[in-house]
Amino acid sequence: METLSFDIKIYASPQRVWDILWTKETYQDWTKFFSCSSTMQSDWTVGGQTRFFDGEGNGMISTIENIDQPKEIVFKHLGMIQNGKEDFDSEEVKSWAGSLEKYLLFDLDGITQLHVEVDIQPEYTEMMNKGFDQGLALVKHLAEKDS
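Residues numbered from 1 in each chain as written. Predicted model: local features only at pLDDT ≥ 70, side-chain atom pairs only at ≥ 80, totals over all residues. Heavy atoms only, no water.

Word for word, the UniProt comment on the chain under Sequence similarities (unreviewed entry) is "Belongs to the AHA1 family." (UniProt positions renumbered as here; feature names shortened; annotations may be inferred.)

Participant: Where do I start with the overall build of the chain in this structure?
Facilitator: The helix and strand tally for the chain stands at 4 helices and 8 strands. Along the chain direction, N to C, the helices and strands of the chain fall in the order β-α-α-β-β-β-β-β-α-β-β-α. Over its C-alpha atoms the chain spans a radius of gyration of 15 Å, differing by no more than 12% from the 15 Å that the globule rule assigns to 147 residues. Principal-axis analysis of the C-alpha atoms places the extent of the chain at approximately 45 × 30 × 30 Å. Each of the 147 residues in the chain was classed as buried or not, and the buried ones make up 42%. (Helix = DSSP H or I, 4+ residues; strand = E, 2+ residues; numbered from the N terminus. Rg over C-alpha atoms; globule rule 2.2 N^0.38 Å. Buried < 20%, exposed > 50% of the residue type's maximum accessible area, 1.4 Å probe, protein only.)

Participant: Sorry, what's going on with the pattern of salt bridges here?
Facilitator: Proximity of charged atoms lets side chains of opposite charge pair with each other. Counting across every chain of the model gives 5 salt bridges. Close ionic contact of Lys 94 with Glu 91 constitutes a salt bridge, the shortest N to O distance being 4.0 Å. Highlighted residues: Lys 94 and Glu 91, both in helix α3 (residues 91-94), separated by 3 residues, approximately one helical turn. Of the residues examined, Glu 91 reaches a relative accessible area of 62% and is grouped as exposed. Among the salt bridges present, the one from Glu 117 reaches Lys 102, with a minimum N-O distance of 3.8 Å. In this pair, Glu 117 is assigned in strand β8 (residues 112-120) and Lys 102 in strand β7 (residues 100-107), connecting sequence segments 15 residues apart. Looking at Lys 102, the relative accessible area reads 27%, which means it is partly exposed. (Salt bridge = Lys/Arg side-chain N within 4 Å of Asp/Glu carboxyl O.)

Participant: Would you explain the packing of aromatic side chains in this entry?
Facilitator: This model, assessed by the stated rule, comprises 14 aromatic pairs. On the basis of an interplanar angle of 75° and a centroid distance of 6.4 Å, the ring pair of Trp 22 and Trp 30 is categorised as edge-to-face. Each member of the pair, Trp 22 as well as Trp 30, carries the same accessibility label: buried. Feature note: the residues Phe 6, Trp 18, Trp 22, Tyr 27, Trp 30, Phe 34, Trp 44, Phe 52, Phe 75, Tyr 103 and Phe 132 constitute an aromatic cluster, connected by ring pairs. (Phe/Tyr/Trp six-rings, centres within 6.5 Å; stacked < 30°, edge-to-face > 60°.)

Participant: Before we go on, may I ask you to explain the UniProt feature "domain: Activator of Hsp90 ATPase homologue 1/2-like C-terminal" (unreviewed entry) in the chain in this structure?
Facilitator: UniProt tags residues 12-118 as "domain: Activator of Hsp90 ATPase homologue 1/2-like C-terminal" (unreviewed entry). The distance separating the terminal C-alpha atoms of residues 12-118 is 23 Å; by composition the span is 19% helix and 44% strand.

Participant: Where do I start with the packing of helix α1 (residues 14-22) against helix α4 (residues 125-145) in this structure?
Facilitator: A packed helix pair is summarised by two numbers, namely the angle formed by the two axes and the spacing between the axes. One can describe the packing of α1 onto α4 by two numbers: an axis separation of 9 Å at closest approach and a directional angle of 125°. Relative to α4, the element α1 lies oblique. As for the relative orientation of α1 and α4, their crossing is right-handed in sense. Facing α1, whose interface residues are Arg 16, Val 17, Ile 20 and Leu 21, α4 presents Val 139, Leu 142 and Ala 143. (Axes fitted to C-alpha atoms, helices over the stretch in contact; angles between N-to-C directions. Parallel < 35°, antiparallel > 145°, perpendicular 65-115°, else oblique. Left-handed = near helix turned anticlockwise from the far one by under 90°. Contact = heavy atoms within 4.5 Å.)

Participant: How do you make sense of the environment of Trp 96 when you look at a structure like this?
Facilitator: For Trp 96, the position within the fold is in the loop between α3 and β7. Ignoring any residue separated from it by four or fewer positions in sequence, one finds Trp 96 in contact with Met 1, Met 60, His 77, Leu 78, Gly 79, Met 80 and Gln 121. At a separation of 3.3 Å, a polar atom in the side chain of Trp 96 contacts the main-chain carbonyl oxygen of Glu 92. (Polar contact = N/O pair within 3.5 Å; in protein donor to acceptor, adjacent residues only side chain to side chain.)

Participant: Would you take a moment to explain the confidence of the model for the chain for this structure?
Facilitator: Residues shown with low pLDDT carry predicted positions that ought not to be read at fine detail. The pLDDT averaged across the chain works out to 94; a share of 99% of its residues lies at or above 70. When mean pLDDT is taken per element in the chain, β7 scores highest with 98 and α3 scores lowest with 92. (pLDDT = per-residue confidence, 0-100.)

See below:
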């Protein structure tokens, strides 16, 4: 497992950036670089359930380790959904279960520094680098568009 880090300065408030990241419509916009028609369902509680889906309904089962809106959210990935079945026990899942995905937003006098860290398996490095580079650029564009 390795940890990738991404940083981007956005000329908008942390709340505006948070809303772009996690509102249903804009979430689907910026995450299309990972998977078309991405969606997310969450109860937004620590220890609760969050599910990330691709367009076919497959995806990841996660929980929120920490949330302090609009400053921080940390997801812990626990399992996957494949063809409608939950998987927490396969060797594939065990190889990455417990990995974290962190979004930290720092208010720098009207500028938000968005810092993202994601634990991944090395074979996904290129895909994740490309997805986050393009996705966070779109978050920046959307957040600054009407600010």
